[in-house]
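Here is what each chain is made of, one letter per residue.
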Amino acid sequence: MSQIKKLTAPVAPGGTIGILGGGQLGRMLALAAARLGLKTHVYCHDPKAPAFQVCDHHTVGEFDDLAAVARFAGTCDVVTFEFENVPAATVEHVARSTPISPNAAALRITQDRFEEKGFVDSLGLRTAIFAEVNTEVGARAAVKLVGGSGVMKTRRMGYDGKGQTRVTSADEAASTIKSFNYAPSILEAFVDFSYEASVVAARGTDGSFAAYDPPENIHENHILRRSLVPGRLTEAQATEAKSIARTISQTLDYVGVLAVELFVCRDGTLLVNEIAPRVHNSGHWTLEACAVSQFEQHIRAVAGWPLGDPARHADAVMTNILGEEAADWRVFSKVPGALHLYGKSEMRPGRKMGHFTTLTPLTKARSRQ
Ligand code: AMP
């Protein structure tokens, strides 16, 4: 096992945080770092990356160009990532010369749905029943195992419903794995959930832990449309969600912000759907509703600073602006609340172009179940 470079002291103002990935999450991380007097260097393959517009330095490069990544890391006091499909080998490479958080092992597990679900299971936390699928024979057997109806997902590189198909019979399962070109996949039981929720939480270099109130999330076409806080989770469910995030982050020796996506079943059970080893769309409301947002919290964590208070001072509804909707920016500019536009010039269908958050006075978590 090669040496891992550890952060030995907090990164002082004026220091540089390196960010692998230059999307809107990187952009909001860079803005949060600037508020703390920290500089950012963003590394991304896309010359038009939204984060490039707001950082101190940027490098255009591929994530598997280890020489270019090493040159980038050499300019940083600490490196992090905003995109979970950065190759884990790249993170391991950086870790030899520059402190990097979250760690490569956490990234490796969360990049593979089969590994991830097995890991969650091993902690005694609940997921939908799942089975590995690589062949047509395996697909047929998996349908039986999960109870006749499921969602087939490629193990790697899927997000926002990409690389996944609903299957309701053995024949469909067999043809789906064929259509995936036999890419290593899993079949999950179809969960007839009541609604979706998530918990966004942070763990610091000192092992401290801070979780935001878990929002209820509304998806359209597999893409997050709205996060509501408080949502329908009861206080007991909110506490359970935070405890799930604590168990996962402690076991992974995680440093930074992570999100755990949850299905809330009709009987009140929480099932873990996915772990995102990064700041998360369902945490954008923290920018306005908390003194320390998820973005500042992540920068604080990876820079070795104390975590901020995750308490909420308002109720919030965050709404994503997707694809062509961004052309109506004049309409969104009139919405009471905070508007964020990500500086993306191309409006592809479903692409996250911005969001807005409306606040209302704080109420206690509603219990509507
Ligand atoms: P994922 O890419 O795993 O986050 O899935 C995207 C969306 O598909 C989720 O937010 C759910 O709305 C839906 N979905 C995923 N897995 C399942 C499942 N096992 N049962 C029912 N719906 C699912």
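Residues numbered from 1 in each chain as written. Predicted model: local features only at pLDDT ≥ 70, side-chain atom pairs only at ≥ 80, totals over all residues. Heavy atoms only, no water.

A.B. asks: In this structure, what is going on with the site of the ligand? I would like to understand it.
C.D. replies: With respect to spatial proximity, 17 residues lie near the ligand, and among them Lys-153, Gln-164, Glu-188, Val-191 and Glu-196 are the closest. Residue Arg-113 places a side-chain N or O atom 3.0 Å away from an oxygen atom belonging to the ligand. In the environment of the ligand, a nitrogen atom lies 2.9 Å from a nitrogen or oxygen atom belonging to the side chain of Glu-188. Out of a free accessible area of 480 Å², the ligand has 94% covered by protein chains. Those elements that place two or more of their residues in the shell around the ligand are strand S6 (150-154), strand S8 (185-189), strand S13 (256-264) and strand S14 (270-276). Tallied by class, residues from the shell around the ligand come to six nonpolar, five polar and six charged. In this structure, the shell around the ligand is formed jointly by two domains, domain 2 (129-189) and domain 3 (193-367), each of which donates at least three residues. (Near = heavy atom within 4 Å. Polar contact = N/O pair within 3.5 Å; in protein donor to acceptor, adjacent residues only side chain to side chain. Areas by Shrake-Rupley, 256 points an atom, 1.4 Å probe, with all protein chains shown as cover. Helix = DSSP H or I, 4+ residues; strand = E, 2+ residues; numbered from the N terminus. Nonpolar A, V, L, I, M, F, W, Y, C, P; charged D, E, K, R; others polar. Domains from an automatic or database assignment.)

A.B. asks: When you look at the pattern of salt bridges in this model, what are you seeing that I'm missing?
C.D. replies: Close approach of charged atoms allows side chains of opposite charge to pair. Inspection of every chain in the model, using the stated rule, returns 20 salt bridges. Notably, a salt bridge pairs Arg-113 with Glu-274, separated by 3.0 Å at the nearest N-O pair. Within this pair, whereas Arg-113 is found in helix H5 (residues 113-122), its partner Glu-274 is found in strand S14, the two being separated by 161 residues in sequence. With respect to class, Arg-113 is no different from Glu-274; both count as buried. (Salt bridge = Lys/Arg side-chain N within 4 Å of Asp/Glu carboxyl O. Buried < 20%, exposed > 50% of the residue type's maximum accessible area, 1.4 Å probe, protein only.)

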